[in-house]
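Structural characterization, general
Chain by chain, the residues:
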Amino acid sequence: MRTKRGHPAALWTLIGAHGGAGTSMVVDLLNHRRTSPLAFEFDGAVPAEHNPALVVRATAEGADHAARMIASWPEHLARPALIIVADAPLPMPRLARYRLRAISGETALTLRVPYLFALRHLDRHAALEAGGRVTRTARTLQRVLSKGPTS
């Protein structure tokens, strides 16, 4: 798959920083309505041609897990992107903001996924097909990540 400018789209391996981080949901958002996938869930290895991304819930505990993973990040892997998934329609807790801001300099880029109300009322497939904020979020994530971490 190529971007609009003819460059190959970046490929991503998403790694959940903790259980319930929202990794599979973010993979679905990134691959929504694409002819070839942009993102894959971590299955024990990050392929050489993929960029790594950590997925974390916007909670103090989630941010702690992400900070620990970043601190022990293998040197042979590229710096990961950080994808922060909102866990509520409220501002992020202060401790989570602090921890995530502290590690943001160690990541290739940081993206936020807003709280998506439709995912509480519909299953993921139906929410993506319904359009609205879920589809707009998917398009935004796709646009940013398809360019790669240095864009």
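The numbers attached to residues start from 1 for each chain and follow its sequence in the written order. The predicted nature of this model means local features are confined to residues of pLDDT at least 70 and side-chain atom pairs, given and counted, to a pLDDT of 80 or more, with totals for whole chains, interfaces and linings taken over all residues. Derived side-chain values reflect all non-hydrogen atoms in the structure, with water molecules and hydrogen atoms excluded from consideration.

In this analysis, a patch consists of residues with relative accessible area above 30% that form no salt bridge, clustered at 9 Å for like charges and at 5 Å for the nonpolar side chains Val, Leu, Ile, Met, Phe, Trp and Tyr. Note on areas: these come from Shrake-Rupley sampling with a 1.4 Å probe, and a residue is covered only by the protein chains present in the view. A pair is scored as a salt bridge if a Lys or Arg side-chain nitrogen falls within 4 Å of a carboxyl oxygen belonging to Asp or Glu. Residues scored as positive are Lys and Arg, those scored as negative are Asp and Glu, and His as well as the terminal groups of each chain are ignored. For the purpose of locating charges, the reference atoms are NZ of Lys, CZ of Arg, CG of Asp and CD of Glu. Residues Arg94, Arg97, Arg101 and Arg112 make up a contiguous surface patch of positive charge. Helix and strand assignments come from DSSP, with helices taken as H or I runs of at least 4 residues and strands as E runs of at least 2, each series counted from the N terminus. Residue contributions to the positive patch peak at 3 residues, all from helix H3 (residues 94-103). Here Arg112 lies in strand S5 (residues 110-113).

Next up on the list: the pattern of salt bridges. Inspection of every chain in the model, using the stated rule, returns 2 salt bridges. A salt bridge links Arg33 to Glu129, with the shortest nitrogen-to-oxygen separation between them at 3.7 Å. With a gap of 96 residues between them, Arg33 in the loop between helix H1 (23-31) and strand S2 (39-41) and Glu129 in helix H5 (residues 124-130) connect regions that are remote in the sequence. Exposure classes here rest on a 1.4 Å probe applied to the protein chains alone. A residue is buried below 20% of its type maximum, exposed above 50%, and partly exposed in between. On the accessibility criterion, Arg33 (55% relative accessible area) is exposed. The exposure class of Glu129 is partly exposed, given its relative accessible area of 43%. In this structure, Asp64 and Arg68 form a salt bridge, with 2.9 Å as the shortest nitrogen-oxygen distance. Of this pair, Asp64 and Arg68 are both found in helix H2 (residues 60-71), 4 residues apart, which corresponds to roughly one turn of the helix.

Here we come to the packing of H1 against helix H6 (residues 133-146). At a minimum axis distance of 7 Å, the contact between H1 and H6 shows a crossing angle of 80°. What the angle tells us is that H1 and H6 run roughly perpendicular. Residues Leu29, Leu30 and Asn31 of H1 form the contact with H6, whose participating residues are Val134, Thr137, Ala138, Leu141, Gln142 and Leu145. When residue character is reported, Ala, Val, Leu, Ile, Met, Phe, Trp, Tyr, Cys and Pro are called nonpolar, Asp, Glu, Lys and Arg charged, and the others, Gly included, polar. Residues belonging to the contact of H1 with H6 are distributed by class as follows: 6 nonpolar, 3 polar and no charged. Think of each axis as a best-fit line through the C-alpha atoms, taken over the contacting stretch in the case of a helix, with angles from 0 to 180 degrees between the N-to-C directions. Here is the rule for angles: anything less than 35 degrees is roughly parallel, anything more than 145 is roughly antiparallel, 65 through 115 is roughly perpendicular, and the remaining ranges are oblique. Residues count as neighbours in contact if any of their non-hydrogen atoms are within 4.5 Å of one another.

Another point: the packing of aromatic side chains. Ring pairs are drawn from Phe, Tyr and Trp, using the six-membered ring of Trp, whenever the two centres fall within 6.5 Å, and their geometry is named by plane angle: stacked under 30 degrees, edge-to-face over 60, tilted for the rest. Applying the stated criterion across every chain, the model contains 1 aromatic pair. Look at Tyr115 and Phe117: their rings are 4.9 Å apart centre to centre, the planes differ by 85°, and that puts the pair in the edge-to-face class. Taking the relative accessible area as the measure of exposure, Tyr115 reaches 14% and is therefore buried.

Moving on, we get to the environment of Lys147. Examined against the element boundaries, Lys147 turns out to sit in the segment after H6. Assessed through its relative accessible area of 51%, Lys147 is described here as exposed. Taking the C-alpha atoms as reference points, Lys147 and Leu11, 136 residues apart in sequence, are found 9.3 Å from one another.

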